Amino acid sequence: MKRFFYGVIVLIFATLFSTTGCTEKTGNKSDSICDSIYQDTLGTDTLETLLEETAVPKSADGLFDDFFFNFAANRKLQLSRIVFPLPLNTFGTQSTISKEQWKPEHFFMRQGFYTQVAGSYDDLESNKNRNITVATVEKVLMPEHSVMQYIFQRTEGQWLLKEMRKQRLEENVNGEFYAFYNKFMRDSLFRQNALAENVEFSGPDPDDDFSRIEGTIMAEQFSMFVPEIPRGTIYNIIYGKQPSMGNQRILVLRGVSNGFEIEMIFTKQNGRFILTALNT
């Protein structure tokens, strides 16, 4: 989603979120890790007013990411791009949502960061594909062990939300990885055992702003490079049809209005996922 923002919108959101402090307690099964890296510092009404007064670019339907940012941020646009009554499949039970029942959904905007899960780097790059006609936004509700899917389709050049599905975590194609990551981000002991002995590392050189350093870090050094891990609810976007998932998962964490970005590569070995590479 690196083309995710337009100049005016970025300036607005840059004033809305601020980093909050967070410390990690090691050795406990339930860590004190930040549920949210960023905190909303402006009231909901003020936020919506600012965004609704900003014109949505005509090019916003070109890439799904550009459309979705505006969809999540602008209540008026959101209502105009939902096909009501909206079909809802909840654990196999069919129902519908009327326009009057719909509540504005800001997705990850209030968190200030978003995530993407992919099986390969090619899948990560699919967000640049202008030819896709379907995209699925997954809201992974870790405490509920469920996934809410928002299915969008591009019809006559416009992206529309046409269906919602709620799945149990184990029914989702990424369910095994989501369940693993839920433990990974909450339990420091589990996380320590889910790290390769030497994790491949790539990151900025602290002594040179224009260079990067590469090497390996030991498992016990992980918290030095990733002191805060989001937990609770994470998001994923599937561009086009769901790709076949192998034994690798690439999890990318990105800040909404800043340069924060972390990439973690997990590989399934001997029936379980372990972290094998970290890029910051």
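Some points on the environment of Gly203
Within the secondary structure, Gly203 sits in strand 9 (residues 195–205). Sequence separation of Gly203 and Ile213 is 10 residues, and the distance between their C-alpha atoms is 5.5 Å. In this structure, Gly203 is in contact with Arg212, Ile213 and Thr280, ignoring residues within four places of it in sequence.

Brief notes about the pattern of salt bridges
The final tally for this structure, using the stated rule, is 8 salt bridges. The closest approach of N and O atoms between Glu261 and Arg254, which form a salt bridge, is 3.1 Å. By relative accessible area, Glu261 is classed as partly exposed at 29%. Taking the relative accessible area as the measure of exposure, Arg254 reaches 12% and is therefore buried.

Things to note about the confidence of the model for the protein chain
Considering every residue of the protein chain, the mean pLDDT works out to 79; 76% of them sit at 70 or more. By mean pLDDT, the top-scoring element of the protein chain is strand 3 (residues 86–90) (98), and the lowest-scoring one is strand 1 (residues 17–19) (34). This stretch, residues 1–44, has a pLDDT under 50; its non-local contacts, to residues over four places away or in other chains, come to 126 contacts.

Some remarks on the pairing of strand 14 (residues 272–279)
With 6 of its 8 residues buried, strand 14 lies for the most part within the structure. Bridge count for strand 9 against strand 14 is 4 bridges, and the pairing is parallel. Paired with Glu200 across the bridge in strand 14 is Ala277. In the sheet, strand 13 (residues 261–269) pairs with strand 14 via 7 bridges, with the strands oriented antiparallel. What sits directly across from Lys268, in strand 14, is Phe273. The antiparallel pairing of strand 13 with strand 14 creates a hairpin that spans 2 residues between the two strands, and Asn270 there sits at a positive phi of about 55°.

Overview of the sheet that holds strand 4 (residues 93–97)
Pairing between the strands of a sheet comes from backbone hydrogen bonds, and it takes one of two forms, parallel or antiparallel. Pairing within the open sheet is mixed, and its 6 strands lie in the order 4-3-8-7-6-11. Single-partner strands in this sheet number two, and they are strand 4 and strand 11 (233–239). When strand polarity is set aside, the average angle formed by the axes of neighbouring strands in this sheet is 20°. Bridging between strand 3 and strand 4 involves 5 bridges; their strand directions are antiparallel. Each bridged residue has a counterpart across the sheet, and for Pro87 the counterpart in strand 4 is Thr96. In the packing of helix 3 (residues 64–73) onto the sheet, the strands contacted are strand 6 (134–141), strand 7 (146–155), strand 8 (158–168) and strand 11, and the crossing angle to strand 11 comes to about 140°. The strands that helix 6 (residues 175–186) touches are strand 6, strand 7 and strand 11; relative to strand 11, the one it contacts most, it runs at about 150°.

Some thoughts on unusual backbone geometry
The amide bond that connects Phe84 to the next residue, Pro85, takes the cis arrangement and shows omega of -5°. Inspection of the secondary structure puts Pro85 in the loop between helix 4 (75–80) and strand 3. Residues other than glycine seldom take positive phi values, yet Phe107 does so here, at roughly 50°. Residue placement: Phe107 occurs in the loop between strand 4 and strand 5 (113–118). Accessibility expressed as a relative area gives 5% for Phe107, which makes it buried.

Observations regarding the environment of Val140
Checked against the element boundaries, Val140 lands in strand 6. Sequence separation between Val140 and Thr233 is 93 residues; the distance between their C-alpha atoms is 5.5 Å. Setting aside anything within four residues of it in sequence, one finds Val140 in contact with Ser146, Val147, Leu169, Tyr178, Gly232, Thr233 and Ile234.

Re helix 6
In a regular helix each residue adds 1.5 Å, so 12 residues correspond to 16 Å; helix 6 covers 17 Å between its end C-alpha atoms and thus fits that length. Three or more residues of helix 6 are buried, namely Gly175, Phe177, Tyr178, Phe180, Tyr181, Asn182, Phe184 and Met185.

Section: helix 3
Most of helix 3 sits out of view: 10 of its 10 residues are buried. Of the positions making up helix 3, those classed as buried are Phe64, Asp65, Asp66, Phe67, Phe68, Phe69, Asn70, Phe71, Ala72 and Ala73.

So, the environment of Asn182
Here Asn182 shows up in helix 6. Taking the C-alpha atoms as reference points, Asn182 and Ile234, separated by 52 residues in sequence, lie 9.8 Å from one another. Not counting residues up to four positions away in its chain, the partners in contact with Asn182 are Met142 and His145.

A few points about the packing of aromatic side chains
Across all of its chains, the model carries 29 aromatic pairs by this definition. Pairwise contacts between aromatic rings join Phe64, Phe67, Phe68, Phe71, Phe107, Phe108, Tyr114, Tyr150, Phe152, Trp159, Tyr235 and Tyr239 into one cluster.

Cut-offs used in this document
Residues numbered from 1 in each chain as written. Predicted model: local features only at pLDDT ≥ 70, side-chain atom pairs only at ≥ 80, totals over all residues. Heavy atoms only, no water. Helix = DSSP H or I, 4+ residues; strand = E, 2+ residues; numbered from the N terminus. Contact = heavy atoms within 4.5 Å. Salt bridge = Lys/Arg side-chain N within 4 Å of Asp/Glu carboxyl O. Buried < 20%, exposed > 50% of the residue type's maximum accessible area, 1.4 Å probe, protein only. pLDDT = per-residue confidence, 0-100. Pairing = 2+ DSSP bridges. Axes fitted to C-alpha atoms, helices over the stretch in contact; angles between N-to-C directions. Expected span 1.5 Å × (residues − 1). Phe/Tyr/Trp six-rings, centres within 6.5 Å; stacked < 30°, edge-to-face > 60°.

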